[in-house]
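# Topology and contacts: notes
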Amino acid sequence: MSLLEVRELTKHFPIKSGVMKRTTGYVYAVDGVSFALDRGETLGLVGESGCGKSTTGRTLLRLIEATSGTVTFEGRDVLRASRGDMQRLRRDMQIIFQDPYASLNPRMRVRDIVGESLKIHGIGTPAERKKRVFELLETVGLSAEHAERYPHEFSGGQRQRIGIARALAPSPKLIICDEPVSALDVSIRAQVINLLEDLQGDLELTYLFIAHDLSVVKHISDRVAVMYLGKIVESSDSSLLYSHPQHPYTEALLSAVPIPDPQTERTRRRIILEGDVPSPANPPHGCVFHPRCPRAQEICTTAMPTLGNTGGDAGARHDVACYFPTRYGGARQEVPQTPPEAATGGA
Amino acid sequence: MAGHLLEVTELSTHFFTHAGVVKAVNGVSFTLDRRETLGIVGESGSGKTVAALSLMRLVPDPPGKIVEGSLLLGGRDLRTMSGEEIRRVRGNDIAMIFQDPMTSLNPVVKVGKQIAEAITLHQDKSKAEAWEMAAKLLARVGIPDADKRVSQYPFEFSGGMRQRAMIAMAISCNPDILIADEPTTALDVTIQAQIIDVIREMQERYESGVIAITHDLGVVAEIADKVMVMYGGRTVEYAGIDEIFYNPQHPYTWGLLGSLPRLDEAEKTRLTPIKGQPPDLLALPEGCPFVGRCAYERPECRDKWPSLEIVGAEHGVHCWIPADERLSARKRLPHFEKLVP
Amino acid sequence: MAEQHQDTSGNRIVEDLTISTTTERDVVEARLAGAKPLGLWADTWRRLRRNKLAVVGMWIIIVFMTVGGVEVLAAAAGTYVAPYDPNQENYALSPQGLGSPPSLQHPFGTDYLGRDVLSRVLVAARISLLVGVIAVAIALAIGLVAGPISGYYGGWIDSVIMRTADVFFAFPFILFVLLLLTVLPAGFGSVFIAIGILGWATYARLNRGSVLSVKAMEFVEAARAQGASDLRVIFRHVLPNTMAPIYVAIAMGIGGAISTEAALAFLGLGVQPPDASWGRMIADNLTYLAAGSWWMLFFPSFFLVVTVFGFISFGNGLRDATDPKLKE
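Owing to the predicted nature of the structure, the values given are computational and were not obtained by experimental measurement.

## Describing the overall build of chain A
Secondary structure assignment for chain A yields 10 helices and 12 strands. For a compact globule of 347 residues, the expected C-alpha radius of gyration is about 20 Å, and chain A comes in at 21 Å, within 12% of that figure. Expressed along its principal axes, the backbone C-alpha trace of chain A runs to roughly 65 × 55 × 45 Å. Within chain A, the proportion of its 347 residues that are buried is 51%. Looking at chain A alone, contacts between residues at least 24 apart form 64% of all its contacts between residues at least 6 apart.

As structure tokens, then:
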């Protein structure tokens, strides 16, 4: 059984306008997202702004309430959990935020920030909690003497470590990493990425790694799912996605990422997409990507293709939501409509 | 060397704050020619943005002050110009594109008007002519329906379009130099690619020199002809684009290159981060600001700033490690095995 | 490119509007990285110290609180701290019922009943202190519960609370006080309570605004992700981060309460004769001004004005000192 199973997760934000605050439309932030996560693996969720990846992460933890869909953690229903059940789930599912300056309460000392979940869940005696906070700080590369300080006394990278220590406090099984390194300096990013990898090995953690930086996502993830306008358009094994992308959006995305290698940059083939990303309040009909798609045909305007397994090499799973995936030379194929949850995740 | 378009020598900009003196830029020198792109690479606290602002004399004074250096633009020293003269230079000879297009455009003024203002400020054009030029410029930077867009407000533009509008404003007076401060950081990656194309196109068209300030080595690899690496207010290394990536000489440059996850890495490699924290600008050592983070530190590094060592044509580095030791140290680094020996 | 203007105390401030805020933030953040740990208020304190008017105000507040505090304690013990008994009438000292002007024995003179004005002024300080503290404390107690709840939950709770606050704002103040006094027990304490009850709306509305912006911050989300209950989130995370403007409002509020007491004294509300409050003294002694007995009116007025001024100045200074946009 997968650790986390997400099925048709949907979040529509109502747009209220006018004096009477009537609902005039919706922002289709997350629109039928499904995936599964096994224990110990890292699933990267990648996409540009407005694709819904951050909303997806928050909805899993019910920091935002989903509109519909199911989320199952170790077989337990998350979205419909009672208050008490949700409290217990919060010990197993944690989150690391993007902004190291905004995610720590400036008026709380580090020891209170890190130890708060222990206090809330009544884990251990005060003395034991204090000891655990020191341990956690050491684990993330800080020291016990930092416990008495305030967040503003630390650099961005150190603050992010404090955030990681906080997430680790209740001994979670799953950590949702929401752009954990985007706001950090390049030289500090590698420190935090390595730390996250080490922690995963030492503590048997499972990560949902949400980011827009494809290089980072590829590096840390076992599998990657690409989101566009609230939907997953492609998902597969990490290295496979990058070597053999199937979806035209994925191809464009990959070709747009600058590579720190001048020779490669000079010889690369670039796919430049036309226009801007449409607003999730007004998604295109049919396939959400068709207005910008170099391969778009008549059928693409009719209905959004379902995410189905195109069957990678050696039977590895490679799901694409496209009528003309690259694997088949851009020609229309009957994509086997295997629903994502029926198969095991990843190779 | 024949006259460069821009010649900066020993630029030093300090901030005099209540907590002490922040030497944001400390003895930085570089040149720029027409049609050339200089990439200034650094992280927060490196001084790259302050250096660019110093060129335009936009450093807030107080608490900032250009304490030293000459900034020669076509022979004229920007530093000693009068307020009137420097205002004529800004937008006209040197134009700047800021990082965040959301906050750099005035939200209550129509986009066309903002561009037209830039035009009428420096050129002898009527308002109607300026407005027409504004529409043409928007089209030139690739904004569709430019005639309609020119009468819209910034909030009606997307992030990418706003950045294009900023570029349109910047090129409106055919600047000799275009400074792009983190032009792609706030944008999505597919939009980044578009913007970089626009900048390149404009550079071609107007034969301008471009200074691209960024922390993203990928962007640098894409657009720069030569690179200056800054750390703690100092230039630690400068070189041509290929030299900096394939023959880097400074431990900080190695560190930067080694800490990057790459899209084209074959199997999973572990990143080699730079240990430590960014420098405290209030407590910079007299010597190399990279002390404390450098794996090859020697006693003289803290107290004496290394003199310039010319390593090749147009390639200089400031480091106390002797050249041969540097090369063998570099060879031992995991990600440099395949580099030029 | 740079705009110059003055802060509320006339100090020159230069605000540069052309630089993108990221530059400054880079410089400032890099500066703080690894720098000596500063207290949370160290920066504010330093900026406050440079504002001369605010420092003067602060000293006035300190003196006032000391004197008032002493008198409050003394009154609780049934006594007073003053050169003379403030209620001791002495007709000998009031020829023609017009009091006697300042002299060596009576530096502030005596009033129409021969009572020593200095003693009365000192003792009256306790009333001002009490009104300030009690009124603001009550207003805070209500406002800092209503405000955060209103701001955090939004929706109909927010509407109800804010509409109620609107009612309190709209009502003529004096009428409301009179209304409340019909239901509160007699005695001057009730006037203070009334002022307090009417003042909650200001703090609630002020706080609600801050709450709206703070509740969207990531550390609040983080607290919820830790499993924090709503109560904990509101009062442990949100409220402490909204206090800066509240401190300013408290300073202003105390000043305001003190002058309100004086206004109400003219209506015969609050302290009753023969007890002394500055407002009472002003109200009682006003008529004697025409007769030439200026000292009876001057001294209580002076102390009232100076005290209120002290609170307002300090409040202004505090506001300027905590405003991140004002540069030095």
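## Some words on the overall build of chain B
A tally of regular secondary structure across chain B gives 13 helices and 12 strands. Expected size for 341 residues packed as a compact globule is a radius of gyration near 20 Å; at 21 Å, chain B falls within 12% of this value. Projected onto its principal axes, the C-alpha positions of chain B cover 65 × 50 × 40 Å. With 341 residues in all, chain B has 54% of them scored as buried. In chain B, once contacts between residues fewer than 6 apart in sequence are set aside, the share between residues at least 24 apart is 64%.

## So, the sheet that holds strand S11 (residues 308-312) of chain B
Residue and element names in this part refer to chain B. In space, the eight strands of this open sheet follow the order S6-S7-S8-S3-S9-S10-S12-S11, with mixed pairing throughout. Among the strands making up the open sheet, the edge pair consists of strand S6 (94-97) and S11. Taken pair by pair, the neighbouring strands of this sheet meet at an average axis angle of 20°, ignoring direction. The pairing of S6 with strand S7 (residues 177-181) spans four bridges and is classified as parallel.

## A closer look at the pairing of strand S6 (residues 93-96) of chain A
Residues and elements named next belong to chain A. Burial of S6 is two-sided: the residues Met93 and Ile95 facing one way and the residues Gln94 and Ile96 facing the other way are all buried. Examined bridge by bridge, S6 and strand S7 (residues 174-178) share four bridges and lie parallel to one another. Bridging across to S7, Ile96 finds its partner in Cys177.

## Structural notes on the packing of helix H4 (residues 117-153) of chain C against helix H10 (residues 243-266) of chain C
Residue and element names in this part refer to chain C. Contact geometry of H4 with H10 gives a least axis separation of 8 Å together with a crossing angle of 125°. With respect to their mutual orientation, H4 and H10 come out oblique. Crossing of H4 over H10 shows right-handed handedness. Here Ile127, Ser128, Val131, Gly132, Ala135, Val136 and Ala139 of H4 come into contact with H10, specifically with Ile250, Gly253, Ile254, Ala257, Ile258 and Glu261.

## A word on the nonpolar core
If you look at the biggest cluster of nonpolar residues, it comprises 280 residues, and the most contacted ones within it are Phe209(A), Val226(A), Ala134(B), Ile167(B), Ile211(B) and Val227(B). Looking at this core, the element that brings in the most residues is H4(C), giving 18 residues. Those residues in contact with Ala134(B) that sit more than four places away from it in its chain are Gly112(B), Ile115(B), Ala116(B), Ile119(B) and Val150(B).

## Observations concerning the interface of chain B and chain A
It is common to give the size of an interface as the accessible area lost on bringing the parts into contact. Facing the 38 residues of chain B at the interface are 37 residues of chain A. For the side of chain B that touches chain A, the per-class residue count stands at 17 nonpolar, 12 polar and nine charged.

## Considerations on unusual backbone geometry
The phi angle at Ser171(A) is positive, at roughly 55°, despite the residue not being glycine. Mapping Ser171(A) onto the fold places it in the loop between helix H5 (156-168) and S7. Its 14 C-beta neighbours within 10 Å are what place Ser171(A) among the partly exposed residues. A positive phi angle, close to 50°, is found at Asn174(B), a residue other than glycine. Its place among the elements puts Asn174(B) in the loop between helix H7 (159-171) and S7.

## Points about helix H5 (residues 127-140) of chain B
Residues and elements named next belong to chain B. Between the first and last C-alpha of H5 there are 20 Å, a value that for 14 residues agrees with the 20 Å anticipated at 1.5 Å per step. Within H5, the full set of buried residues consists of Ala130, Trp131, Met133, Ala134, Ala135, Leu137 and Leu138. As for H5, its buried residues are in contact with helix H4 (111-122), helix H6 (146-149) and H7. Once H5 finishes, Gly142 follows within two positions and takes phi at roughly 90°, a positive value.

## Quick look at helix H1 (residues 53-60) of chain A
Residues and elements named next belong to chain A. Burial analysis of H1 places eight of its eight residues in the buried class, the great majority of the element. For H1, every residue scored as buried is listed here: Lys53, Ser54, Thr55, Thr56, Gly57, Arg58, Thr59 and Leu60. Count one or two residues on from H1 and you reach Arg62, which has phi positive near 60°.

## Regarding the sheet that holds strand S5 (residues 76-77) of chain B
Residue and element names in this part refer to chain B. With respect to topology, four strands assemble into an open sheet ordered S2-S1-S4-S5, the strand pairing being antiparallel. Both outer strands of the open sheet, strand S2 (20-32) and S5, are each paired with one neighbouring strand and no more. Two elements, strand S1 (residues 6-17) and strand S4 (residues 64-73), share eight bridges in a ladder whose sense is antiparallel. Its bridge partner lying in S4, Leu6 is registered against Leu73. Its contacts with the sheet put helix H1 (residues 48-55) on S1, S2 and S4, and the angle it makes with S2 is roughly 70°.

## Looking at the environment of Ala135(B)
Residue and element names in this part refer to chain B. Secondary-structure assignment places Ala135 in helix H5. It is 5.6 Å that separates the C-alpha atoms of Ala135 and Ala146, two residues lying 11 residues apart in sequence. Excluding anything up to four places from it in sequence, Ala135 contacts Gly112, Ala146, Asp147 and Val150.

## What to know about the pairing of strand S10 (residues 231-237) of chain A
Two faces, one strand: in a regular strand the side chains alternate between the faces of the sheet. Residues and elements named next belong to chain A. Most of S10 sits inside the fold, with seven of its seven residues counted as buried. Judged from the six bridges that link them, strand S9 (residues 223-228) and S10 form a sheet pairing that is antiparallel. Within the sheet, the bridge partner assigned to Val224 lies in S10 and is Ser236. Remark: two residues form the turn of the hairpin made by S9 and S10, two consecutive strands paired antiparallel; Leu229 in that turn has positive phi of roughly 50°. Strand direction decides the pairing type here: S10 and strand S12 (residues 318-320), joined by three bridges, are antiparallel. Of the residues in S12, the one forming a bridge with Ser235 is Asp319.

## Some remarks on the environment of Val108(B)
Residue and element names in this part refer to chain B. By the secondary structure assignment, Val108 is in the loop between helix H3 (101-104) and H4. The exposure class assigned to Val108 is exposed, which follows from the 8 C-beta atoms found within 10 Å. The spatial distance from the C-alpha of Val108 to the C-alpha of Leu333 is 53 Å, given a sequence separation of 225 residues.

## What about the confidence of the model for chain A?
Averaged over every residue, the pLDDT of chain A is 87; the share at 70 or more is 93%. Under a pLDDT of 50 for its full length, residues 330-347 of chain A has, in the predicted model, 42 contacts with residues more than four places off or in other chains.

## Points about the packing of helix H3 (residues 52-76) of chain C against H4(C)
All names here are of chain C. With their axes 7 Å apart at the nearest point, H3 and H4 run at an angle of 100° to one another. Classified by the angle between their axes, H3 and H4 sit roughly perpendicular to one another. Here Phe64, Met65, Val67, Gly68, Gly69, Glu71, Val72 and Ala75 of H3 come into contact with H4, specifically with Leu122, Val123, Ala125, Arg126, Ser128, Leu129 and Leu130.

## Structural notes on the environment of Pro14(A)
By the secondary structure assignment, Pro14(A) is in strand S1 (residues 4-17). Along the sequence, Pro14(A) and Arg90(A) sit 76 residues apart, while their C-alpha atoms lie 27 Å from each other.

## Focus: the confidence of the model for chain B
Per-residue confidence for chain B gives a mean pLDDT of 88, with 98% of residues at or over 70. Here the predicted complex carries an ipTM of 0.85, next to a pTM of 0.84.

Scoring rules and cut-offs
- Residues numbered from 1 in each chain as written.
- Chains lettered and ligands numbered in written order.
- Predicted model: local features only at pLDDT ≥ 70, side-chain atom pairs only at ≥ 80, totals over all residues.
- Helix = DSSP H or I, 4+ residues; strand = E, 2+ residues; numbered from the N terminus.
- Rg over C-alpha atoms; globule rule 2.2 N^0.38 Å.
- Buried ≥ 20, exposed ≤ 12 C-beta atoms within 10 Å, placed from the backbone.
- Contact = placed C-beta atoms within 7 Å.
- Pairing = 2+ DSSP bridges.
- Axes fitted to C-alpha atoms, helices over the stretch in contact; angles between N-to-C directions.
- Parallel < 35°, antiparallel > 145°, perpendicular 65-115°, else oblique.
- Left-handed = near helix turned anticlockwise from the far one by under 90°.
- Core = buried A, V, L, I, M, F, W, Y, C linked by C-beta atoms within 7 Å.
- Nonpolar A, V, L, I, M, F, W, Y, C, P; charged D, E, K, R; others polar.
- Expected span 1.5 Å × (residues − 1).
- pLDDT = per-residue confidence, 0-100.

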